[in-house]
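Working through the structure, step by step
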Number of protein chains: 2
Amino acid sequence: MKELVKKSADLSEWYNNIVLKAELADYAPVKGCMVIRPYGYAIWEGIQNFLDKLIKDRGVKNSYFPLFIPESFLNKEKEHVKGFSPELAVVTIAGGEKLKENLIVRPTSETIMYDMFRKWTSSWRDLPILMNQWCNVVRWEQRTYLFLRTSEFLWQEGHCAHLTHKESSDMVLWALDTYQKTYTDLLAMYGYAGVKSESEKFAGAGKTYTFECLMPNGKALQACTSHDLGQNFAKSFDWTVQDKNGDKINPWQNSWGFSTRSIGGLIMVHGDDSGLVFPPQIAPTQIVIVPIPAHELAKELSESIYKNLKNEFRTEIDLVEQESAGFKFNKWEMKGVPVRIEIGDREAKENKVVLFRRDTSEKMIIDVKDLNSKITEVLKDIQNELFLKHKKFTLDNTFKVDTYEEFKKIMNTTKGFISALWCEDAECESKIKEETKATTRCLPLENKPEKGVCVCCGRPANHRWLFAQSY
Amino acid sequence: MKELVKKSADLSEWYNNIVLKAELADYAPVKGCMVIRPYGYAIWEGIQNFLDKLIKDRGVKNSYFPLFIPESFLNKEKEHVKGFSPELAVVTIAGGEKLKENLIVRPTSETIMYDMFRKWTSSWRDLPILMNQWCNVVRWEQRTYLFLRTSEFLWQEGHCAHLTHKESSDMVLWALDTYQKTYTDLLAMYGYAGVKSESEKFAGAGKTYTFECLMPNGKALQACTSHDLGQNFAKSFDWTVQDKNGDKINPWQNSWGFSTRSIGGLIMVHGDDSGLVFPPQIAPTQIVIVPIPAHELAKELSESIYKNLKNEFRTEIDLVEQESAGFKFNKWEMKGVPVRIEIGDREAKENKVVLFRRDTSEKMIIDVKDLNSKITEVLKDIQNELFLKHKKFTLDNTFKVDTYEEFKKIMNTTKGFISALWCEDAECESKIKEETKATTRCLPLENKPEKGVCVCCGRPANHRWLFAQSY
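Residues numbered from 1 in each chain as written. Chains lettered and ligands numbered in written order. Predicted model: local features only at pLDDT ≥ 70, side-chain atom pairs only at ≥ 80, totals over all residues.

Let us now look at the interface of chain B and chain A. At the interface, 41 residues of chain B touch 41 residues of chain A. Ranked by residues supplied to the side of chain B that touches chain A, first place goes to strand β5 (residues 89–94) of chain B with six residues. Taken together, the residues of the side of chain B that touches chain A break down into 27 nonpolar, seven polar and seven charged. As paired elements, strand β5 (residues 89–94) of chain A and β5 of chain B share five bridges and run antiparallel to each other. (Contact = placed C-beta atoms within 7 Å. Helix = DSSP H or I, 4+ residues; strand = E, 2+ residues; numbered from the N terminus. Nonpolar A, V, L, I, M, F, W, Y, C, P; charged D, E, K, R; others polar. Pairing = 2+ DSSP bridges.)

Below you can see the structure in the form of structure tokens.
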């Protein structure tokens, strides 16, 4: 495992290294695309299981809409097409013939879905529409950053339509809250939930909400988004339904997405110089049992423990013969398995095992009879500690700043989140970006209005926004 | 519900009608494509849950490979590209620029996967590779037949590579068996498992296995396939690994797929003049509770029964106020829900309910205290009876034929499967197809060798093949 670059030395290099080495993903032969290998895909399945249940509990139903969108559809919502046109993949030939109308490989499905929604509804009785799909989308990228930035990625996109703006806004915030829960409870990641500035919002949205997480290099990751689309798309698609009074109204809509990008954040946030560190809730393998090679008694005990543990935990047993114990320990640390159980003949004789904890490198001697309860406790503790560690890191690197000098200094050194008053003028925002590479990440939901002056231009400001350099 | 065409009168028309009316799917604005609506997608989720577990139990792991395949990759296996080139969708523009090499939207993933397999392996220790992915694929179609024939469809594709042909063949047959189990146990469909003729096999395969199901109009549906790829692709991709003796060998490969087409078969096989009939195991809703509108006591009892049943069965309660009881009964019959519980005030007073069975239209009066056990029994019985009914229909319409006259007569009248001796010559096969529209469906695995003469040309024949007109 020597060739793994230290995370502390070069985050980017470490990241690319560990994703390949741990066999989470690989570069595909097509520019900008990736292959998600089984160990990485298992994480996505874990996220899907967790999130899909919450989505269904809210009454949202899964469905599937076509991969291809007629070019004319995308052109219907002006801001939407402007936002997406630079990154589209276009099918021009199909079935051996040049197509009369080009087909866009979906970068997101608003337009194709809402054309159908219109067809399916005529009255308020047909609302709300609460739909979701798990699928692949394509937004063309020149540079690949495994999981974090790829031309094709996997996600879920929820799309709802309501009779009133209130109901739609509630859904937008429900989605944001559900995503936050997925990050905190499942992925053990802390972050800020808030609303995007006008210039950073989704192409075609009225308002965009986001959850922003801090990476170890002080840059922010936009971890997911939830959009209040207002009536913009309904108007563009000329979609009306009769309300209870018999009047025609445009439905209020929202859309929200959570993608494989989250896996990139998960890797970056928790990993260390020895490799991956997975929170137990999402770890594809929670426990690995490693009998010391050639210790026969240990092997026997290991197999009996494996049979017992695998019903309760995601457990592997490593019986490969041609690797040394040390090599195996490194390998499983690199792969981020939260708990390792080491068993040699000496331990086996005493009916004990060594329990190694990946996050702290602690070793404990445990009686076999106490193993299940001890593991339950340790897994819970690791999950909790990883979250608290990331929360502390984030708070320690969130700086309340009132002068532009200090703002610039932080962005030139440690980076991190800056909480600063801002006038909410797009020109001022773009000046800050040019001079510091920092963009507005969001206006956190928890921030109360605060009178003062803009950190950059000195004009009146009403809210403290969160700034950071971003992925 | 009057406008539903009778299944017995016009199967095709009935099918298109019921798929739209029951909101299983809809035509998409893009030619050849479909939208899978929540009620239809729930069936796919049911199939995924069932099949994914069997796949994982066999040690096969899920992964995700790119949607786009470089055109040059497809050209590497000659038979493969010849088979697929007429139905490809081609991306020629991406990110605003004309691509140097066109990208094919995957029609199947052999070529993109095996290029990676080659990269990941060097020795026998790296085998077997056991991988699967759930994804969308595109094969361009001019005419849409919802679920049965669409330009884009969903499927799982398993791809494995082994050191020996024996191991690979075992996997091919395991997949076929697993698919058969999915059809019989989950979808309550009978069929024949067998091997395809040379001309009907998958482009690039050594052998293709299939499961063929008979539709009510006497046509066969190729319900899934499992391919023994031999070393064809490994050779085309110049993929070798060192075996245990240090010699370089080409791995033996197989691939197998099960698609949303199965949903089309499910609808056709079990439906009747009143609409859909779902086997309980796969039914998105297993029980619907319908209190007679405006019966207050009935409504109360219904709600308490609903609370109880929904933990054990997929249950809905219909409390819509503006529809009559008769309208509701028709609606839920049309949607194929296996069991309906009707409750009026009269029944409620006696703590009884009416249990209506969708497949036989039987009505039973049941004491509320016996409800759970009775439902369990009825659901099991429906599942079983539907399977037996389809099995009987299939066997009744499988004709052992020894003269070409009789062969032609059957294909001109009732249709169905014909079991006949065939010389296995492709020209003879193509003559039969031209003259009777029937193709070889498979050589059933259960068929023992049988000496005789070809039903068409009279030359020596060694096996009794299955013929049918096909979808």
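Here we take up the packing of helix α2 (residues 38–57) of chain A against helix α6 (residues 165–186) of chain A. All names here are of chain A. Packing of α2 against α6 leaves a shortest axis separation of 11 Å and a crossing angle of 140°. When the axis of α2 is compared with that of α6, the two are oblique. Our pair here, α2 against α6, has a crossing hand that is right-handed. Where α2 abuts α6, its residues I47, F50, L51 and L54 lie against T178, T182 and L186. Considering only residue class, the contact of α2 with α6 consists of five nonpolar, two polar and no charged. (Axes fitted to C-alpha atoms, helices over the stretch in contact; angles between N-to-C directions. Parallel < 35°, antiparallel > 145°, perpendicular 65-115°, else oblique. Left-handed = near helix turned anticlockwise from the far one by under 90°.)

Bringing the relation of the copies chain B and chain A into the picture now. Its rotation angle being 180°, the transformation that places chain B on chain A also includes 0.0 Å of axial translation and leaves an RMSD of 0.0 Å. What we have between these two chains is a two-fold relation. The position closest to the rotation axis in chain B is occupied by the C-alpha of V91 of chain B, lying 2.1 Å away. (Least-squares fit on C-alpha atoms with pLDDT ≥ 70 in both.)

Residue and element names in this part refer to chain B. Taken in spatial order, the five strands line up as β16-β15-β17-β18-β19 in an open sheet, and their pairing is mixed. Single-partner strands in this sheet number two, and they are β16 (315–317) and β19 (363–367). Between one strand and the next, the sheet's axes are offset by a mean angle of 25°, whatever the strand orientation. Here helix α10 (residues 325–334) sits on the sheet and contacts β15 (287–291) and β17 (339–343); the angle it forms with β15, its principal contact strand, is near 175°.

Working note: α-helix, 3.6 residues per turn, so residues spaced by three or four point in the same direction. Most of helix α8 (residues 261–270) of chain B sits inside the fold, with ten of its ten residues counted as buried. Listed in full, the buried residues belonging to α8 of chain B are R261, S262, I263, G264, G265, L266, I267, M268, V269 and H270 of chain B. (Buried ≥ 20, exposed ≤ 12 C-beta atoms within 10 Å, placed from the backbone.)

Our next topic: the sheet that holds strand β14 (residues 252–259) of chain A. Residues and elements named next belong to chain A. Judged by pairing direction, the sheet is mixed, and its eleven strands sit side by side in the order β3-β7-β8-β14-β11-β10-β9-β22-β25-β21-β20 without closing on themselves. For this open sheet the edge positions go to β3 (61–62) and β20 (398–400), each flanked by a neighbour on one side alone. Bridge analysis of β20 against strand β21 (residues 417–422) gives three bridges, and the strand direction is parallel. Bridging from a neighbouring strand, K400 pairs with S419 of β21.

All names here are of chain A. The assigned domain composition of chain A is domain 1 (11–270), domain 2 (287–393) and domain 3 (398–468). Its C-alpha centre places domain 1 at a distance of 38 Å from the equivalent point of domain 2. Counting from both sides, the interface comprises nine residues of domain 1 and, opposite them, eight residues of domain 2. Tallied by class, the residues present in the side of domain 1 that touches domain 2 amount to six nonpolar, two polar and one charged. (Domains from an automatic or database assignment.)

This brings us to the pairing of strand β22 (residues 439–444) of chain A. Regular strands place their side chains on alternate faces of the sheet. Residue and element names in this part refer to chain A. Burial runs high along β22: six of the six residues are buried. In this sheet, β22 lies alongside strand β9 (residues 192–195) in antiparallel orientation, the contact comprising two bridges. In the sheet register, G194 faces β22, and the bridge partner there is P444. Pairing of β22 with strand β25 (residues 463–468), which is carried by three bridges, proceeds in the antiparallel orientation. Bridge pairing links C442 to L466 in β25.

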